[in-house]
Amino acid sequence: MIDSTISLSKIVKKFDATPVLRNVDLNIESGEFLTLVGPSGCGKSTLLRIIAGLEMQDTGSVFIGGRSVDHLRPKQRDVAMVFQSYALYPHMTVAENITMPLLMQRMSFAQRFPVMGRWVPGSQHIQKNIRKEVETVAEHLHIEKLLERKPGQLSGGQRQRVALGRAMVRRPLAFLMDEPLSNLDARLRVKMRTELAELHQRLGTTFIYVTHDQVEAMTMSKRIAVMMDGEIVQLGTPDEVYNDPQDIRVAQFIGSPPINILPGEVNSAGNLSLFGVECRYRINGSNQKNVKIGVRPEDLQISEFKVGLIERGGLRGWLRRLENLGNEYIAHIDMDCDDGHWQIAVRFPPEELNGIGQPGAAVNIFLNEAKIFVFSETGDRLSGEAMLQSAVEKAS
Amino acid sequence: MATPFRSSNADSDVLLNKAKTTPAGGARLFKRIGAHTALLIMAAIVLLPFIWMLMTSLKDPTEIFDTPFSLRFDWEKGVENYIGAFNAVPMITFMINGTVVVLGILMVQLVTSIGAAYALAKIEFRGKSILFAFVVFALCIPVQVPALPLYLGLANLGLLNTYFALMFPWFLSAFAIFLFRQFFKSFPDEIISAARLDGFTEFEIVTRLVLPSAKPAIAAFSIFSITAHWNDLYWPLIVINTVDYMTPPLGMMYFRDAEAGTNYGMLMAAAAIITTPLLLMFLFAQRQFIQGITMTGFK
Amino acid sequence: MNEVSDTARFSTMEEPNIVEIRRIIQKRASITGYAFAFPATLLLAVIILLPIAIVIFLSATDYTLGALNWSFVGLTNYEKLLSDAVFWRSIKNTFLYVVIVVPGSVGLAFLLALLVHERVHTKRLYEIIFFLPVTGTLVAMAIVWQFLLHSRVGPVNLLLLENGFERIGFFTDPNLAMISLAMIGIWQLIGFNLILFLAGLAAIPKDIYDAAALDGVDGGIDKLARITWPLLGPTTMFVTITTSITAFQVFDTVAVLTKGGPRGSTDVLLYQAYLEGFQYFEIGYAACLTLVFLTFILLLSLVQVRFFDKRVHY
């Protein structure tokens, strides 16, 4: 099989004095679908452009298919790129757009010379072959009827396919995609998401996909690299990134509604308490006193307020608003304690509604200690474990 | 998975350094030098008359012919040339005339075109599309076309050799109407509706809401207009034949003919005096100048 | 359906009022519109429309300034025009000027724009330098050129002599005078066109060049012929027509430097019209020349409007 691994070693890039990438290392396997996800300005697009050769790193190296490509120009790196704006050539037809990379690859300078080129021996024959391949790709993408149109006459989704066709026709070692779906409307985006995933399966080529949309990252890729401030803060499967975040920024970036971050305290024995209520959770080997507790909205349980539940480890809050999403509810809870005011989101299925719904009413919140993440004040994940059965189980 | 960079880590830095200088880097440097050489040669040709004008204006008449290329300047002679230019012809009058004419034209142009542009952009009235068609037509008509009847009319009214004659054909600027209409069209209708509900009159809407937002267009057009009319020769040549009302270009021509073109030091000093106000304005307002040019691209 | 019947029910009661109110509002808006547009409309009529009508009228008369009698002569002026060698010479001279100035100033500006666009630190400086002739008063600068290219005392000729060449009569040789004027025209127009081309270049999305670099189009003739040139097509069209219109109106340099000479070699259409109308006061004949000039300008403008619709690729 062709080696289409991509490796980045100690990539550093500064724009003027501002560091954009700080020492990025990354190994991407042959045929992998890897997503670079992060908020805008985190350096993910710059990283992609460095792989493509459109931008030169300050230090560090890029390897594609096992060989160093730092000295190679973009066209020599054998990668194709799909741009957010699609970057189609507006003055050329769809067919000409898709033809371009093959034309430049296969025809000599004389053969492709404007106007005169067609009389150079061999050029007609190559043209014919290219045309066949372009048609095949177009059929694949169901755009064979659009070949003679210009990009200006196409819809967003159609332009997207042409951009894909232009990338596919070269059979590159890797596809680099820079937010390719962000200019599409929501419905089309969902559809293209599936199509891209299927395309990846069919081609078996390496895909590097840049997005700021965590849903795209979670649904499409085998591995996700979460980037923050020019660094990869976590690299793992979607499951690992969601269920085992190593950094508070990762926890906060992935998941919707976002994870709840609450103030916790650790006593000398390592026991964790939240809002003064002791949790059945112990921190391993850390002398942190104040910590941050991350808990996803679905890992909290909510019930009507009963005095007795407080004694069993429940927290008291007031329902501010209840959102009905059809298949689930999201409750926004106000909590007041000595440290100030907090808002918590709780996600639960309709069958657990149990009479909750009056805004302003008091509710009980239970924490599932097995599912919480504890972070130091600087945002690093602290290891720890839940003890015995959780309060949730006790309550029910 | 084998990590390729571990094995070749040692020479990867070398490769990177190479990539930065050669081969692309070398070609780029070569290209840059070539580009600058071509640009500098063209720049020298373009600047040649300006440089020559200044050089000659700072020299003694005999030196101009004996050693025309010397870079030795006689500042005293230079001052003499400039004073001479001011004394030989009423240079100050020309400059004042030019200023009065360009400012007068600009004032009237702004007042008339802003009103018409606002009406064309934001008010529905009968005959609007006909009016706009006429504006587009007028956009294509240079002053030389209506010049004959305008001259005959002004002559019949005894208005030749007046400021009014100099300014009148320019009171209407189809370009200004067109440009401002484009600008006003992009002003949000919601704000105008809200202002009408708040009790603004149409006049207040224009002066207090729309105009402030059109400042860049007004600035660009003003510079465009000032440049065009300061430099215009054709119309002043037709309606003015007394020194008292000559504008700078006409004055320049008069000066050359009166001095028979023999005293080149003074002639070049005069050229410098007449050119300087606009060049200064350009250096201080480059952005507006360049915007003004690109706006003509929207025509 | 429901909505319609609802409105219908209400409007049977209030219809006269609403129609009346709407009419009043419409009328009020119209009045405001007229008030705003009136000064410009009046000027438009007095400065452009009426004079054009009068020019057409005059072209059919034998009116001369100061004459007490004049009469309709029909197409006589046009007949005279068409058989006048001076007229044909002025047409030929004007076209010669346009044919040199348009490709010269458009082509040079295009090449310069490609070079200036790539500059980072010096871009502004070059823009300023090349734009200076646009702002410089043409009459004054023409007189400087006259001195520079003077056949006896001009420094260019002195340089030629010193280096063993013969003098060149830039403005005295009938074969050269028009070309010299055209060079001054190019010199003056380059900056203007350069700015337009730079705006066109700046409007090309950077992504397109990135995509092209990946596709293998990353320099030299390929980039120019496949990307830059076609994408600048509409700008080039616009610049070419604008320049043609400007070049067609050449007057200042002729009036200042050659007065149509030597031996009529720089006698252009507008200068001819100026002489007939304002020096010889042959108003009827001058009106004819004006209409010829107007026809050319309108034809060029028509081309411009035609292409205006096709200006953008997207």
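Quantities reported herein were computed from a predicted structural model and do not represent experimental measurements.

Rules of the game
- Residues numbered from 1 in each chain as written.
- Chains lettered and ligands numbered in written order.
- Predicted model: local features only at pLDDT ≥ 70, side-chain atom pairs only at ≥ 80, totals over all residues.
- Buried ≥ 20, exposed ≤ 12 C-beta atoms within 10 Å, placed from the backbone.
- Helix = DSSP H or I, 4+ residues; strand = E, 2+ residues; numbered from the N terminus.
- Pairing = 2+ DSSP bridges.
- pLDDT = per-residue confidence, 0-100.
- Contact = placed C-beta atoms within 7 Å.
- Nonpolar A, V, L, I, M, F, W, Y, C, P; charged D, E, K, R; others polar.
- Domains from an automatic or database assignment.

Caption draft 1: Layout of the pairing of strand β19 (residues 362-367) of chain A. Residue and element names in this part refer to chain A. Of all six residues making up β19, five are buried, and the element is well covered by its neighbours. As paired strands, strand β16 (residues 315-324) and β19 are joined by four bridges and run antiparallel to one another. From the neighbouring strand, Arg316 faces β19, where its bridge partner is Asn364.

Caption draft 2: Looking closely at the confidence of the model for chain B. Residues and elements named next belong to chain B. Here chain B averages 84 in pLDDT, and 89% of its residues register 70 or above. In the predicted structure, residues 1-23 sits below a pLDDT of 50 and forms 28 contacts with residues beyond four places in sequence or in another chain. Predicted as a complex, the structure gets a pTM of 0.84 and an ipTM equal to 0.85.

Caption draft 3: Molecular detail of the interface of chain C and chain B. If you look at the interface, chain C gives 71 residues, while chain B gives 70 residues. No other element matches the 20 residues that helix α1 (residues 2-58) of chain C contributes to the side of chain C that touches chain B. Among the residues forming the side of chain C that touches chain B, the class breakdown is 57 nonpolar, eleven polar and three charged.

Caption draft 4: Representation of unusual backbone geometry. Looking along the chain, the bond that leaves A:Ser256 and enters A:Pro257 is cis, with omega of 0°. One can find A:Pro257 in the loop between α8 (248-253) and β11 (260-266). Of note, A:His142 is a non-glycine position whose phi angle comes to about 60°, a positive value. With respect to the helices, strands and loops of the structure, A:His142 is situated in the loop between α3 (123-140) and α4 (156-168). A tally of 11 C-beta atoms within 10 Å means that A:His142 is categorised as exposed. For C:Arg263, which is not glycine, the phi dihedral falls at a positive 50°.

Caption draft 5: Structural detail: the domain arrangement of chain B. Residues and elements named next belong to chain B. When cut into domains, chain B gives domain 1 (4-86) and domain 2 (90-296). For the side of domain 1 that touches domain 2, the secondary-structure elements that each account for two or more residues are α3 (24-57), α4 (61-66) and α5 (75-88). A per-element tally of the side of domain 1 that touches domain 2 places α5 first, with six residues. Its residues assigned to classes, the side of domain 1 that touches domain 2 shows seven nonpolar, four polar and three charged.

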